[in-house]
Amino acid sequence: MIRTRTLTYVFASAIGIVAGVMGYALLDLDIIASTSLFVLSGILCLFLIHVNRLWSIDRKLVRSLFNSPTATAASIVDANSRLASGLKLLNTVLPLNEAVVFRCDESEGLQTVVRYKSPAPNPQDPRRNAVWREGIKLCQRAAATGELATQPGQNSSTVAVPLLHETETAGVLLIRLAAEFSTDDTPLLLAVGSQFARNLERESFTHNGARTAALSFFSETGSKRKLDALNVLKAVTVEQRCEASTLTHIDEGVAIAYLDGTLAIVNPTLMTFAGLTHEQVTKMDLFDLLNKFRTDVFDEPEIAVRRVLQTGVEYEGELNFEAKSQILNLRISLLRERDGKNADEPIGIALYVKDLTATKEYEKLKSDMISLMSHELRTPLTSINGFAELLTADEHIPAQAREFVSIIANESQRMSRMINTFLSVTQLQRKDKQEVLKIPLRLDEVVRETITSLQPVAKKKRIRLIEQPAHRIPPVAADKGLITQAVKNLLHNAIKYSPERTTVTVSTALEAESVRVCVEDRGYGIPAESKERVWDKFYRVVREGQEKDEESTGLGLSFVREVVEQHGGRVDLDSEEGRGSKFSFTLPRL
């Protein structure tokens, strides 16, 4: 840059020297005149060079303004539609007979942009033209003063509202009311007027295009176009502040930080969770705020943020503050650009904090009640089952009575199994994720052991069990007993609901940061309407033409989902009716 500027000055000086010499030699000027010509030529050259530099900067400004994603998106919005929608909204508050939005043009005239008339039939006003002229004068007065102007009538009134944006009048809203105007409505009309002004700036930016961007530096129209673009950007900024202000009215804690760690927004709910005041938050950055949520589980916020930035996958964890008897759910997410050529580019970090204390207390109360009821049911069921077995062994009772007693014994045993499974599920729900006993576990070994244990069951139906292990599967942190039972439930279901002489395949695979276990059968499949419900407690699939399976408790898949989610994983189902099902789950790798 310095070298270019030096060459520019040398070039200008050279032109001045040549002009002076030519004036002295060819025009027979004296030394003073030649020197003056030399100086004027140099000044003129420097002036032209400076103008060229300003022109170059102006072209960059034009490109930045007109190619801005915000300005481009704002210009696409149909301003007239927004104005018409605003008038309809205003009609719900004020008794409008008629409303007109005017735009102020460059000659200080008024141009009609959009008009609204009340759907209620109005008699033709004989003074309509005179009223219209009076309304125009009222609009001109409001535009000149920048203040609301009113004109009362008989059981009616006319109001002119200046549409102000950044202290400039973009237009005027003229409304005719079917009642007297109340000054209590003035703040509402001024606020609506500001929004209408922003819409008019959009409309002006959309329709007033510069002919040639390269020559806009020398064009009045081009300068107006740049001013319109700047006003649109200001309008969008105001509306974005409106969007951001909604965060102050939600029950969840929300904070947004830029990628340099500076906090952009922290809503009052999150400040309450962190025990901070607004003055304290203004002196903090992202990590200072996260340090207020440190627990035994969330003890290194830097690592969580780094992982979110590197992978784009959000962090989520439950924070238990025993001293405050409070449980919070914390999520850290990466915010990305949604539109434009930089779409999907990271632009910030969001924190979401939700209070789970009441929910956890309710779940604990529910689980305690279910456990109590289940335990109380065990005693009579044990008695029923015991006496039924004694009666079944009695050879003196009639055959029909023996059949009835056998049904009683079988049903009581099924209910006992249901209660046991249900208790296992509720006990899992009462535990936090960190309370599950986790050890390094290889899922391919769990699959191999489960297949071996269920081979006798599969052979009875002549079903072939196939294992498809992946090479070098990393371990996961899991409770071996719970995960083994989950795999066993999936494999047992696949055997149970598959026709004879078919195959069931159990595979393991590494997927990025997780390990997947998949159980695939060639059975009856799951109907589309049942796919989302098969994981619910007590739900059993009823197929057309088949009786409901009375031996099933409807808790096996619910147990699988509960176990997997307790380990930070998720369950999946891919099934087509008549062609089989593929049940799978993933767990985070170590």
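Our subject in this report is the structure included herewith. Keep in mind that this is a model prediction, so the values were computed, not measured. (Residues numbered from 1 in each chain as written. Predicted model: local features only at pLDDT ≥ 70, side-chain atom pairs only at ≥ 80, totals over all residues. Heavy atoms only, no water.)

With respect to the side chain of T484
Inclusion rule: A run of H or I in DSSP becomes a helix once it reaches four residues, and a run of E becomes a strand once it reaches two; helices and strands are each numbered from the N terminus. Any pair of residues with heavy atoms lying within 4.5 Å of one another is described as a contacting pair.
Within the secondary structure, T484 sits in helix α15 (residues 480-496). Setting aside anything within four residues of it in sequence, one finds T484 in contact with V446 and T450.

Considerations on the packing of aromatic side chains
In plain terms, the rule: Centres within 6.5 Å are what make two rings of Phe, Tyr or Trp a pair, Trp counting through its six-membered ring; a difference in plane orientation under 30 degrees is then read as stacked, over 60 as edge-to-face, and the rest as tilted. To sort residues, take the accessible area from a 1.4 Å probe on protein chains only and compare it with the maximum for the residue type: under 20% means buried, over 50% means exposed, and anything in between is partly exposed. As a reminder, the over-ring test applies to NZ of lysine and CZ of arginine, requiring each to be within 6 Å of the ring centre and within 35 degrees of the ring normal.
Applying the stated criterion across every chain yields a total of two aromatic pairs. Taking 5.5 Å as the distance between ring centres and 35° as the angle between the ring planes, the aromatic pair formed by F298 and Y315 counts as tilted. Here F298, found in the loop between α10 (286-290) and α11 (301-311), pairs with Y315, found in strand β8 (residues 315-321); they are 17 residues apart in sequence, far enough to count as distant. Look at Y315 and you get partly exposed, because its relative accessible area is 22%. Note on W535 and F583: the rings are 5.7 Å apart at their centroids and 75° apart in plane angle, and the pair reads as edge-to-face. On the criterion of sequence distance, the pair formed by W535 in the loop between β15 (514-521) and α16 (556-566) and F583 in strand β17 (residues 580-588) is long-range, its members being 48 residues apart. Taken individually, W535 and F583 each receive the classification buried, so the pair is uniform in this respect. The ring of F321 has K324 sitting right over it, with the charged end atom 4.7 Å from the ring centre. In this structure, R331 packs its charged tip against the face of Y352, placed 4.5 Å from the ring centre.

Here's the deal with the packing of helix α14 (residues 443-460) against α15
Using the following cut-off: Each axis is a line fitted through C-alpha atoms, taken for helices only over the stretch in contact, and angles between the N-to-C directions span 0 to 180 degrees. Roughly parallel here means an angle under 35 degrees, roughly antiparallel means over 145, roughly perpendicular means 65 to 115, and every remaining angle is called oblique. Should the near helix be turned counterclockwise from the far one by less than a right angle, the crossing is left-handed, whereas a clockwise turn marks it as right-handed. The nonpolar class holds Ala, Val, Leu, Ile, Met, Phe, Trp, Tyr, Cys and Pro. Asp, Glu, Lys and Arg form the charged class, and all remaining residues, Gly among them, are polar.
Following both chains from N to C, one finds α14 and α15 inclined at 45°, their axes separated by 9 Å at the closest point. The angle between the axes of α14 and α15 places the two elements in the oblique class. Two packed elements cross with a definite hand, and for α14 against α15 that hand is right-handed. Across the interface between the two elements, L443, V446, V447, E449, T450, I451, S453, L454, V457 and A458 of α14 pack against K480, I483, T484, V487, K488, L491, H492 and I495 of α15. For the contact of α14 with α15, a count of residues per class yields 11 nonpolar, four polar and three charged.

Some remarks on the pairing of strand β4 (residues 156-165)
Residues in a regular strand point their side chains to alternate faces of the sheet. This is how the line gets drawn: We treat two strands as partners when DSSP finds at least two bridges between them.
Of all 10 residues in β4, eight are buried, a share of seventy percent or more. Where strand β3 (residues 149-153) hands over to β4, the hairpin turn is made up of two residues, of which N155 adopts a positive phi near 55°. Remark: two residues form the turn of the hairpin made by β4 and strand β5 (residues 168-177), two consecutive strands paired antiparallel; E166 in that turn has positive phi of roughly 55°.

Concerning a nonpolar patch on the surface
Short version of the rule: Distance thresholds for patches are 9 Å for like charges and 5 Å for nonpolar side chains (Val, Leu, Ile, Met, Phe, Trp, Tyr), applied to residues having over 30% relative accessible area and no salt bridge. The Shrake-Rupley method, run with a 1.4 Å probe sphere, supplies the accessible areas, and residue values consider only the shown protein chains as cover. Counted as salt bridges are all cases of a side-chain nitrogen of Lys or Arg within 4 Å of a carboxyl oxygen of Asp or Glu.
Together, L44, F47 and L48 make up a nonpolar patch on the protein surface, roughly 320 Å² of accessible area in all. For L48, the location among the structural elements is in helix α2 (residues 31-66). Judged by its relative accessible area of 49%, L48 falls in the partly exposed class.

Details of the sheet that holds β15
An order of β12-β14-β15-β17-β16 is seen for the five strands of this open sheet, with the pairing classed as mixed. What marks the edges here is a single partner per strand, and that holds for β12 (464-468) and β16 (570-576). Across the sheet, the mean angle from the axis of one strand to that of its neighbour is 15°, orientation sign disregarded. Of the strand pairs in this sheet, β15 and β17 are connected by seven bridges, and their pairing is antiparallel. For E520, the partnering residue across the bridge sits in β17 and is K582. Contacts between α14 and the sheet are confined to β12, β14 (503-511), β15 and β17, with β12 contributing the most and set at about 175° to the helix.

Comments concerning the environment of L391
On the secondary structure map, L391 appears in helix α12 (residues 357-393). Once residues within four sequence positions are removed from consideration, L391 is found in contact with I397 and V405.

Things to note about α15
How we decide: Given a helix with a known number of residues, its expected span is that number minus one, times 1.5 Å. The term polar contact refers here to a pair of N or O atoms within 3.5 Å; inside protein, the definition further demands a hydrogen-donor-capable atom paired with an acceptor-capable atom, and it admits residues adjacent in sequence only when both atoms are side-chain atoms.
An ideal rise of 1.5 Å per residue puts 24 Å on 17 residues; α15 measures up with 24 Å between its terminal C-alpha atoms. Two or three places before G481, at the start of α15, stands the capping residue D479, its side-chain oxygen 3.0 Å from that residue's backbone nitrogen.

Some remarks on a negative patch on the surface
As a reminder, the rule being used: In this tally Asp and Glu are treated as negative and Lys and Arg as positive; neither His nor the chain ends contributes. Where a charge lies is defined by one atom per residue type: Lys uses NZ, Arg uses CZ, Asp uses CG and Glu uses CD.
Judged by side-chain charge, D296, D299, E300 and E322 come together as a negatively charged surface patch. Along the chain, the position of E322 falls in the loop between β8 and β9 (326-336).

Notes on the sheet that holds β8
Backbone hydrogen bonds are what pair the strands of a sheet, in a parallel or an antiparallel way. With respect to topology, five strands assemble into an open sheet ordered β7-β6-β10-β9-β8, the strand pairing being antiparallel. This sheet does not close on itself; its edge strands, each paired only once, are β7 (263-266) and β8. Across this sheet, the average inter-strand angle for adjacent strands is 15°, counted without regard to direction. For β9 and strand β10 (residues 346-355), the ladder comprises nine bridges, and the chain directions are antiparallel. Its bridge partner lying in β10, I332 is registered against L351.

Observations concerning the nonpolar core
For clarity, the cut-off: We define a nonpolar core as any set of buried Ala, Val, Leu, Ile, Met, Phe, Trp, Tyr and Cys residues linked to one another through side-chain atoms lying within 4.5 Å.
Counting residues in hydrophobic clusters, the biggest one holds 39 residues, and the most contacted among them are L465, I483, L491, F585 and L587. If you list the elements that add at least two residues to this core, you get α14, β13 (476-478), α15, β14, β15, α16 and β17. If we skip the residues at most four places from it in the chain, I483 touches L441, L443, V446, A478, V563, H567 and L587. Core analysis: the second largest hydrophobic core is formed by 28 residues, M271, F298, L319 and L351 among them.

Some thoughts on the packing of α15 against α16
At a closest axis distance of 9 Å, the pairing of α15 and α16 adopts a crossing angle of 145°. As α15 runs across α16, the sense of the crossing is left-handed. Seen from α15, the contacting residues are L482, I483, Q485, A486, N489, L490 and N493; seen from α16, they are G556, L557, F559, V560 and V563.

Some remarks on the pairing of β5
Counting buried positions along β5 gives seven out of 10 residues, so the element sits mostly inside the fold. Relative to β5, strand β1 (residues 96-104) runs antiparallel, the two being bridged by seven bridges. If you follow L96 over to β5, its bridge partner there is L177. As defined by bridge partners, β4 adjoins β5 across nine bridges and the pair is classed as antiparallel. Bridged to H165 within β5 is E168.

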